[in-house]
Amino acid sequence: MSGLATVEEALAALRAGRPVLVTDDEHRENEGDVVLAAEVAYDRERWPELALPNSEWNSARLCSIPLFPDMTLADVDRVVGAIEDLLEKGA
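About the criteria used
- Residues numbered from 1 in each chain as written.
- Predicted model: local features only at pLDDT ≥ 70, side-chain atom pairs only at ≥ 80, totals over all residues.
- Heavy atoms only, no water.
- Helix = DSSP H or I, 4+ residues; strand = E, 2+ residues; numbered from the N terminus.
- Contact = heavy atoms within 4.5 Å.
- Areas by Shrake-Rupley, 256 points an atom, 1.4 Å probe, with all protein chains shown as cover.
- Expected span 1.5 Å × (residues − 1).

On to the overall build of the chain, then. Within the chain one finds 3 helices and 2 strands. Taking all contacts inside the chain whose residues are at least 6 apart in sequence as the whole, residues at least 24 apart take part in 10%. Roughly 7,900 Å² of accessible area belongs to the chain as shown, and the carbon and sulfur atoms make up 54% of that amount.

Let us look at the environment of Leu 21. Mapped onto the elements, Leu 21 comes out in strand E1 (residues 20-22). In the structure, Leu 21 is positioned 14 residues away from Val 35 in sequence and 6.2 Å away in space, judged by C-alpha atoms. Setting aside anything within four residues of it in sequence, one finds Leu 21 in contact with Gly 32, Asp 33 and Val 34.

Let's shift gears to helix H3 (residues 73-89). Helix length check: H3, at 17 residues, gives a terminal C-alpha distance of 24 Å against a target of 24 Å (1.5 Å per residue), a fit within 8%. Once H3 finishes, Gly 90 follows within two positions and takes phi at roughly 80 degrees, a positive value.

Here it is as structure tokens:
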């Protein structure tokens with residue numbers, strides 16, 4: 001896929017496990033976000049030429065916590081408990 005794609009084309013690429021570059025203006029230079037499906041996020045075996053230094057820096061320092069509006073309080077407690085366990089183990 002090259003040039004601008006439709007939302008449907010971008011979703012198809014994500015479903016196929018390919019990264020998509022998202023930008024809000026086709027004329028803006030050097031600004032955009034690389035989006036990948038979570039299950040294939042940054043797979044070096046699949047895309048050895050792909051370099052994402054900002055993503056690598058962020059992923060080494062940030063933790064994404066799975067909290068969603070439809071989760072029950074028990075679900076939230078389970079997620080928080082798992083994170084507390086990791087922190088206690090020094091992960």
